[in-house]
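Structure assessment
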Number of protein chains: 2
Amino acid sequence: MVMDGYRGFLGLLVSALLVGFLSVLFTLIWVLHYREGLGWNGAGPEFNWHPVLMVTGFVYIQGIAIIVYRLPWTWKCSKLLMKSIHAGLNAIAAVLAIISLVAVFDFHNHSKIPNMYSLHSWVGLTAVILYILQLLLGVFIFLLPWAPLSLRALLMPIHVYSGLLIFGAVIATTLMGVTEKLIFALPTKYKLFPPEGIFTNTLGLLILVFGALIFWIVTRPQWKRPKEPNSSLLQPNGGTAEGMEGSMAINVSNMDKSDSELNSEAAARKRNFILDEAGQRSTM
Amino acid sequence: MVMDGYRGFLGLLVSALLVGFLSVLFTLIWVLHYREGLGWNGAGPEFNWHPVLMVTGFVYIQGIAIIVYRLPWTWKCSKLLMKSIHAGLNAIAAVLAIISLVAVFDFHNHSKIPNMYSLHSWVGLTAVILYILQLLLGVFIFLLPWAPLSLRALLMPIHVYSGLLIFGAVIATTLMGVTEKLIFALPTKYKLFPPEGIFTNTLGLLILVFGALIFWIVTRPQWKRPKEPNSSLLQPNGGTAEGMEGSMAINVSNMDKSDSELNSEAAARKRNFILDEAGQRSTM
């Protein structure tokens, strides 16, 4: 049963990594094969950095950053290290998103296209701003050692909720972007099922499936990083590295039959520890 | 503190109902004031039923169906009644979504526009099909009394996850639909910030905010319907009406300071019961 859970996790993780990688690959094929390629010249090739960097950074890397605490072979690492990796991946995603915005604004300005008129741009820019705020808040409240535990406890559920909400909004924005670009690029042909239309619709589906996989992985209570009952010696700065993990967990409560015990919080925690051991063994 | 939590819930509930209502209102104003109005003639007025019915049924009513177990004044009602309301609202949403699909297919066929070429249509039709499957599965597994408790326990986390995933996909699809329609209806004017563009972008934001509010309400552990420790006499068919509730709950674990107790599972349950009483008093 433990190995089942672990295998299930591994299967979903590999699927997520694969589907995310395919999303990046499809975006590259889209701009290199169907569009004008990549460049920094104020024209189409500069615009094309926008989808490439957004799917790479704001979808794929952000998705990995969201589930990084759930990798069981990292459970022996200090919480501080994992927070640094979580923050670092999100920082990389933020930088790529900002470069991606520079590309599209620069393209618009060179091509005399107004900025910020579409719903895609309204939701997308809001998501980037909220993402940067979330990153800064996360670093100052949860990574650096100064914030009191009570403040962390108060803000953690909001941090987790905002993170998933922004991720969902980013995926919705990406799908709007694909829709916009296909209509602009293929004004009469899109409705005739051209290869580019079908290929890029498929890219949209891949991005959606990637989001669904990340959402599943991050909401399983049994795959949550366990608390560290006897590893406080490993923590470089005990008070802050301890405990502040938050997660979206699907709880099924009120089970009173024995076979439903598998879904109980207690059983999930117990499995966490066993999974932890399994995960650590797997890396040794 | 208890009344704080209850007031917070009420505030968010009223906000969600208001923002959802505004979304429906904005959609009506959009099609009646900016577009060709409503009708069933194979032309624009028939298409316009598509956004109206989707936002009304597939966004607003589906959103309410998702949080219906969390209304504290319903916690004295039997679980079976609440399941029937949950299923009933989702069934209404499904019927409206299907009529809405008929409208757009009929419009396309009359106007010689191909069906199912866009990413919007691919994701949207998938969401409708999955929604109907989810509804049928929900009725047969959780509402009708035949399925064994172990099967319910196994499927409930998937039911909750799928429900939220479909809801998120529906909102993403709606935003793609708004994007498509604005580009088609205002091919040269959209980028010049016309009133219709700004108004309909705002509709898109309202729908996104509605989704965010529903997502917050349904993921607070302290607002979850409590298990019924001594109300089994109220259940018309004990075994099935009991307990099978699932929810997405943000858990903040590993708190070892006293003020963080507010976020613990135990405290959340305790507050549930107090909130329950408050909710019941508020309706008497």
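The structure presented is a predicted model; accordingly, all values stated were derived computationally and were not measured.

This part is about the nonpolar core. The biggest cluster of nonpolar side chains holds 123 residues, and the ones touching the most others in it are Phe58 and Phe210 of chain A together with Phe58 and Phe210 of chain B. Ignoring sequence-local partners within four residues, the contact set of Phe210 of chain A consists of Ala16, Val19, Gly20, Val59, Tyr60, Gly63, Ile64 and Phe167 of chain A.

On the surface, Trp40, Val95, Ile98, Ile99 and Val102 of chain A cluster together to form a nonpolar patch covering roughly 440 Å² of accessible area. Inspection of the secondary structure assignment puts Val95 of chain A in helix H4 (residues 79-110).

Moving on: the packing of aromatic side chains. In this structure the tally under the stated criterion is 21 aromatic pairs over all chains. Centroid distance Phe9 of chain A to Trp223 of chain A: 5.2 Å. Interplanar angle 75°. Geometry classified as edge-to-face. With a gap of 214 residues between them, Phe9 of chain A in helix H1 (residues 2-34) and Trp223 of chain A in the loop between helix H7 (195-218) and helix H8 (238-241) connect regions that are remote in the sequence. Residue Trp223 of chain A is classed as buried on the basis of its relative accessible area of 5%. Taken together, a centroid distance of 4.8 Å and an interplanar angle of 80° make the contact between Trp216 of chain A and Tyr161 of chain B edge-to-face. Of the two residues, Trp216 of chain A is situated in helix H7 and Tyr161 of chain B in helix H6 (residues 149-185); the pairing between them involves two chains.

With that settled, the discussion passes to the side chain of Ser118 of chain B. By the secondary structure assignment, Ser118 of chain B is in the loop between helix H4 (79-110) and helix H5 (119-143). In this structure Ser118 of chain B comes out as buried when scored by relative accessible area, which is 4%.

You can see Arg35 of chain B is positioned in the loop between helix H1 (2-34) and helix H2 (44-47). Arg35 of chain B has contacts with Trp30, Asn48, Lys181, Ala185, Leu186 and Glu196 of chain B, leaving out every residue within four places of it along the chain.

The next subject is the pattern of salt bridges. Residue and element names in this part refer to chain A. Tallied over the full model, the rule gives four salt bridges over all chains. Here Arg35 and Glu196 are joined by a salt bridge, their closest N and O atoms 2.8 Å apart. Linking Arg35 in the loop between H1 and helix H2 (44-47) with Glu196 in helix H7, this pair joins segments that are 161 residues apart in sequence. Judged on exposure class, the residue Arg35 and its partner Glu196 are both buried. Connected via shared salt-bridge partners are Arg35, Glu36 and Glu196.

With that settled, consider H4 of chain B. For an α-helix, the turn length of 3.6 residues means that residues three or four places apart are oriented alike. Between its first and last C-alpha, H4 of chain B extends 46 Å over 32 residues, near the 46 Å set by a 1.5 Å rise per residue. Downstream of H4 of chain B by a residue or two, Lys112 of chain B has a phi angle that is positive, lying close to 55°.

Residue and element names in this part refer to chain B. Counting through the fold element by element, His108 comes out in helix H4. Taking C-alpha positions, His108 is 9.9 Å from Glu46, a pair spaced 62 residues apart along the chain. Setting aside its immediate chain neighbours within four residues, His108 contacts Ile113, Pro114 and Asn115.

All names here are of chain A. Taken as a whole, chain A shows an average pLDDT of 85; of its residues, 79% reach a score of 70 or greater. The model gives residues 230-247 a pLDDT under 50, and that stretch makes 47 contacts with residues more than four places away or in other chains. Counted against residues more than four places away or in other chains, residues 250-284, with its pLDDT under 50, gives 79 contacts. Both confidence scores are given for the complex: pTM 0.84, ipTM 0.84.

All names here are of chain B. Counting through the fold element by element, Gly37 comes out in the loop between H1 and H2. Using a relative accessible area of 10% as the deciding quantity, one classes Gly37 as buried. When the C-alpha atoms of Gly37 and Asn48 are compared, they prove to be 6.9 Å apart, with 11 residues separating the residues in sequence. Apart from residues no more than four positions distant in its own chain, Gly37 is found in contact with Val31, Leu32, Pro45 and Asn48.

Each value, and the rule that gives it
- Residues numbered from 1 in each chain as written.
- Chains lettered and ligands numbered in written order.
- Predicted model: local features only at pLDDT ≥ 70, side-chain atom pairs only at ≥ 80, totals over all residues.
- Heavy atoms only, no water.
- Core = buried A, V, L, I, M, F, W, Y, C linked by side-chain atoms within 4.5 Å.
- Buried < 20%, exposed > 50% of the residue type's maximum accessible area, 1.4 Å probe, protein only.
- Contact = heavy atoms within 4.5 Å.
- Patch = residues over 30% accessible without salt bridge, like charges linked within 9 Å, V, L, I, M, F, W, Y side chains within 5 Å.
- Areas by Shrake-Rupley, 256 points an atom, 1.4 Å probe, with all protein chains shown as cover.
- Salt bridge = Lys/Arg side-chain N within 4 Å of Asp/Glu carboxyl O.
- Helix = DSSP H or I, 4+ residues; strand = E, 2+ residues; numbered from the N terminus.
- Phe/Tyr/Trp six-rings, centres within 6.5 Å; stacked < 30°, edge-to-face > 60°.
- Expected span 1.5 Å × (residues − 1).
- pLDDT = per-residue confidence, 0-100.

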